[in-house]
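This is what each chain is made of:
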Amino acid sequence: MSTVEDLRPVPVMLGGVRGGPDARTLRRDRWWATPTVTVTFLTAFVVYSTWAVFQNAHYYVGAAAHRDLISPFYSPCLTASCVGGARGALFITWWTISPGILVLGGPLGFRLTCYYYRKAYYRSFWRSPPACGVADGHGSYSGETRFPLILQNVHRYFFFIGLVFNTILTIDAIMAFRLPGDGGIGLSIGTLVLVVNATLLWLYSLSCHACRHLCGGNVNQFSRHPLRQRIWRFLTPLNARHMQLAWASLVFVALADLYVRLVASGAFHDPKIF
Ligand code: FES
């Protein structure tokens, strides 16, 4: 319902200040809801994931529990200190703190430089600007054309690093079908959790803008590149859902760690489906 306040003309100065105390917006809707939700969920994820990778415990459920489940935050487990069964063929002997810290850089760099997350955290944390039609929280704007934000251009390379992690986590999901001492091969809730996690991560990567450009960009005539056109047509609908896939994969990777953590700590036993 309109109020007298709503109907009163709001002075607008074209070409006026960028931000600061005089900045105003004509928007009457709840434009602040999206940045608030973004800050809440991203902060919660950063706090949980930081806590989890520094725990250096309860990241693997092994043969003693008739399972082969590793937390995505600790895979690949590269150090000699990794618990038996979790360790890969290559391992590092000089690293004595949590092995989770070693694998943090790849996925973190991929997410941090993602085009969608950039928009999300520029708007919500830096208020630059908080929403369309809302004044910037800062008086100046230098964009991504100079240091340090020009480094965001490395996203196309982090895309390939992300693919390496997706492959490793897919292998983990396949290995989770092993139920040692409990029938050999089977399916448990833990197996499903790792399969869904790997699937969401692949969907997130395949919906990446850099991936779509890599497959279908720089082509003047699709008729001369039918394979690239087919791939591009497959990726484009995924790309349109990149934001949803970014959030779904982010939330689920934390849930997958939490599930493995609870089973490994003995909070409950991973139920077998067959
Ligand atoms: S744009 Fe988001 S992962 Fe590449």
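It should be noted that the structure appears before, not after, this text.
Residues numbered from 1 in each chain as written. Predicted model: local features only at pLDDT ≥ 70, side-chain atom pairs only at ≥ 80, totals over all residues. Heavy atoms only, no water.

1. A few points about the overall build of the protein
No. 1: Secondary structure assignment for the protein yields 10 helices and 6 strands.
No. 2: Considering only C-alpha atoms, the protein reaches an extent of 75 × 50 × 45 Å along its principal axes.
No. 3: Across the 274 residues in the protein, those meeting the buried criterion constitute 37%.
No. 4: Residue pairs in contact within the protein that sit at least 24 positions apart in sequence constitute 67% of those at least 6 positions apart.
No. 5: For the protein, the accessible area works out to roughly 15900 Å², and carbon and sulfur atoms hold 67% of it.
No. 6: Of note, the protein has its 24 positive side-chain charges centred 9 Å away from the centre of its 11 negative side-chain charges. (Helix = DSSP H or I, 4+ residues; strand = E, 2+ residues; numbered from the N terminus. Buried < 20%, exposed > 50% of the residue type's maximum accessible area, 1.4 Å probe, protein only. Contact = heavy atoms within 4.5 Å. Areas by Shrake-Rupley, 256 points an atom, 1.4 Å probe, with all protein chains shown as cover. Lys, Arg positive; Asp, Glu negative; His and termini not counted. Charge placed at Lys NZ, Arg CZ, Asp CG, Glu CD.)

2. Structural notes on the nonpolar core
No. 1: Among the nonpolar cores identified, the biggest contains 35 residues, and Y59, F73, Y116 and Y117 are the most heavily contacted of them.
No. 2: Of all the secondary structure elements, the ones that give two or more residues to this core are α2 (33-55), α5 (115-124), α8 (209-216), α9 (226-240) and α10 (242-264).
No. 3: It is α10 that contributes the most residues to this core, 6 residues altogether.
No. 4: Excluding residues that lie within four positions of it along the chain, Y117 makes contacts with L42, R111, Y204, A246, W247 and L250. (Core = buried A, V, L, I, M, F, W, Y, C linked by side-chain atoms within 4.5 Å.)

3. Digging into the pattern of salt bridges
No. 1: Per the stated rule, a full pass over the model turns up 5 salt bridges.
No. 2: We note a salt bridge from R178 to D68, for which the minimum N-O separation is 3.2 Å. Here R178, found in strand β5 (residues 178-179), pairs with D68, found in the loop between β1 (60-61) and β2 (69-70); they are 110 residues apart in sequence, far enough to count as distant.
No. 3: The closest approach of N and O atoms between R261 and D257, which form a salt bridge, is 3.0 Å. Here R261 pairs with D257, and both are found in helix α10, just 4 residues apart, close to one helical turn. One exposure class covers both R261 and D257, and it is buried. (Salt bridge = Lys/Arg side-chain N within 4 Å of Asp/Glu carboxyl O.)

4. Comments concerning the state of the cysteines
No. 1: The full count for this structure, using the stated rule, is 1 disulfide.
No. 2: Linked covalently through their sulfurs, C77 and C82 form a disulfide whose S-S length is 2.2 Å. Looking down the S-S bond of the C77 and C82 bridge, the torsion is -100°, so its handedness is left-handed.
No. 3: Classification of C77 by relative accessible area gives buried; the value is 3%. (Disulfide = S-S within 2.5 Å.)

5. A closer look at α8
No. 1: Along α8, the residues that are buried comprise A210, C211, C215 and G216.
No. 2: Summarising the contacts, the buried residues of α8 are in contact with α6 (155-175), α7 (189-206) and α9.
No. 3: One or two steps after α8, the chain reaches N218, where phi turns positive at roughly 55°.

6. Section: the packing of helix α4 (residues 105-112) against α6
No. 1: Relative to each other, α4 and α6 sit at 135°, their axes nearing to 8 Å. Taken together, α4 and α6 sit at an angle that is classed as oblique. The handedness of the crossing between α4 and α6 is left-handed. Contacts between α4 and α6 involve G105, G106, P107, G109 and F110 on the former and, on the latter, H155, F158, F159, I161, G162 and F165. (Axes fitted to C-alpha atoms, helices over the stretch in contact; angles between N-to-C directions. Parallel < 35°, antiparallel > 145°, perpendicular 65-115°, else oblique. Left-handed = near helix turned anticlockwise from the far one by under 90°.)

7. Considering the side chain of D68
No. 1: Since its relative accessible area comes to 11%, D68 is described here as buried.
No. 2: Of note is the side chain of D68, whose polar atom sits 2.9 Å from the side chain of Y60.
No. 3: Those residues in contact with D68, other than ones at most four positions away along the chain, are Y60, V61, M175, A176 and R178. (Polar contact = N/O pair within 3.5 Å; in protein donor to acceptor, adjacent residues only side chain to side chain.)

8. Remarks on a nonpolar patch on the surface
No. 1: A contiguous nonpolar surface patch, about 560 Å² in accessible area, is contributed by V37, F41, V251, L255, L258, L262 and F268.
No. 2: Mapped by element, the contributors of at least two residues to the nonpolar patch are α2 and α10.
No. 3: When residues of the nonpolar patch are assigned to their parent elements, the largest contribution, 4 residues, is made by α10.
No. 4: Within the secondary structure, V251 sits in helix α10. (Patch = residues over 30% accessible without salt bridge, like charges linked within 9 Å, V, L, I, M, F, W, Y side chains within 5 Å.)

9. Considering the environment of R230
No. 1: If you trace the backbone, R230 turns up in helix α9.
No. 2: Taking relative accessible area as the criterion, R230 reaches 61% and is therefore assigned exposed.
No. 3: Separated by 15 residues in the primary sequence, R230 and C215 place their C-alpha atoms 9.4 Å from one another.

10. Things to note about unusual backbone geometry
No. 1: Here the amide bond leading from S75 into P76 is cis, since omega sits at 5°, within 30 degrees of zero.
No. 2: Put simply, S128 and P129 share a cis peptide bond, and its omega is -10°.
No. 3: With respect to the helices and strands, the residue P129 is situated in the loop between α5 and α6.
No. 4: With phi around 55°, N56 is a residue other than glycine that occupies positive phi space.
No. 5: Here N56 lies in the loop between α2 and β1.
No. 6: Phi at H58 takes a positive value of approximately 60°, unusual for a residue other than glycine.

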